[in-house]
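Below, each chain spelled out in residue letters.
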Amino acid sequence: MDHAPEMPEPEVCFLGRSNVGKSSLIKALFSLAPDVEVRISKQPGHTKKMNFFKVGKFFTLVDMPGYGFKAPKDFAEMVEPYLSQRTNLKRTFLLVDAKEGIHEMDNIAVEMLEEFGIPYVLVLTKIDKAPKSVMAKHVLQIQDYVEKNAHTCFPQLFPISSLNYVGIHVLRCFIAHVTGNLPLSTE
């Protein structure tokens, strides 16, 4: 937390296992902003520190290092204080691979988010790479899991493909809404 920049704007962060597609998703979200450079790697564990992306004067998006395989040794010491102490954090996006579903490490992440009372959303990544039957099984698994275990989780799952941009626009709109930049009309 000593190295995390103090920013007054609302923040959202992306959390998930190593190689789940956090940086790729962020790059797809910023595809309309060519001046924002997001580095991605095929190697798990490429992101070692929290990366802060200021989106104009509207909000900040935080790319967290992955947990699990090749996670940084100081992962818990870096991420837990951020999640529990960051007062301007509006939503955490927990990414789950469509081919693999929820893993034990994801259960631990959900337990931590629930314990801290942090509002979060589940995002199903790499939907273009998962067979439809596998993805359907994982969607049902996640819906059942959320119903039984998740009290601070937004009920809607966001299926995403960073490769062909399926679901990107809807997620952009949701992020704009939770950061106060896209109020919903009641008319």
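Residues numbered from 1 in each chain as written. Predicted model: local features only at pLDDT ≥ 70, side-chain atom pairs only at ≥ 80, totals over all residues. Heavy atoms only, no water.

Colleague: Help me understand the confidence of the model for the protein, please; the structure alone is not making it clear to me.
Modeller: It should be kept in mind that the predicted coordinates are not to be read in detail where pLDDT is low. Model confidence for the protein is summarised by a mean pLDDT of 87, while 88% of its residues fall at 70 or above. Strand β2 (residues 51-55) is the least confidently modelled element of the protein, averaging 86 in pLDDT, while strand β4 (residues 89-97) averages 97, the highest of any element. (pLDDT = per-residue confidence, 0-100. Helix = DSSP H or I, 4+ residues; strand = E, 2+ residues; numbered from the N terminus.)

Colleague: Even after reading the chapter, I still don't get helix α1 (residues 22-29), so can you show me in this structure?
Modeller: The buried count for α1 comes to 6 of 8 residues, which makes it a mostly enclosed element. Buried residues of α1: Lys-22, Ser-23, Leu-25, Ile-26, Ala-28 and Leu-29, and no others. The elements touched by buried residues of α1 are β1 (11-16), β2, β3 (59-63), β4, β5 (120-125) and α5 (168-178). (Buried < 20%, exposed > 50% of the residue type's maximum accessible area, 1.4 Å probe, protein only. Contact = heavy atoms within 4.5 Å.)

Colleague: How do you make sense of the sheet that holds strand β6 (residues 158-159) when you look at a structure like this?
Modeller: Hydrogen bonds along the backbone pair up the strands of a sheet, which may run parallel or antiparallel. Strand order in the open sheet formed by 6 strands is β2-β3-β1-β4-β5-β6, and the pairing between neighbours is mixed. Pairing within the sheet leaves two strands with one partner each, and these edge strands are β2 and β6. Strand direction decides the pairing type here: β1 and β4, joined by 6 bridges, are parallel. Bridge pairing in β4 places Val-12 opposite Arg-91. Its contacts with the sheet place helix α4 (residues 132-149) against β4 and β5, and it is angled at close to 170° to β5. The strands that α5 touches are β1, β3, β4, β5 and β6; relative to β4, the one it contacts most, it runs at about 155°. (Pairing = 2+ DSSP bridges. Axes fitted to C-alpha atoms, helices over the stretch in contact; angles between N-to-C directions.)

Colleague: Please clarify how the pairing of β5 should be interpreted in this entry.
Modeller: Side-chain direction in a regular strand flips from residue to residue, so the side chains alternate between the two faces of the sheet. Along β5, 6 of the 6 residues are buried, which leaves the element largely enclosed by surrounding structure. Of the two faces of β5, both are covered, the one formed by Tyr-120, Leu-122 and Leu-124 as well as the one formed by Val-121, Val-123 and Thr-125. Bridge analysis of β4 against β5 gives 6 bridges, and the strand direction is parallel. Counterpart to Asp-97 in the pairing with β5 is Thr-125.

Colleague: What should I look at first to understand the packing of aromatic side chains in this one?
Modeller: Two descriptors summarise a pair of aromatic rings, namely the distance from one centre to the other and the angle between the planes of the rings. Throughout the structure, instances matching the rule amount to 7 aromatic pairs. Ring plane angle 50° and centroid distance 4.7 Å describe the contact between Phe-154 and Phe-174, whose orientation is recorded as tilted. Placement of Phe-154 in the loop between α4 and β6 and of Phe-174 in helix α5 is noted, with a sequence separation of 20 residues between them. When the centroid spacing of 5.0 Å and the interplanar angle of 45° are considered together, the rings of Phe-158 and Phe-174 count as tilted. Here Phe-174 lies in helix α5 and Phe-158 lies in strand β6, a separation of 16 residues in the sequence. We note that Phe-158, like Phe-174, is buried. The structure contains a cluster of three or more aromatic residues connected by ring pairs, namely Phe-14, Phe-93, Phe-154, Phe-158 and Phe-174. (Phe/Tyr/Trp six-rings, centres within 6.5 Å; stacked < 30°, edge-to-face > 60°.)

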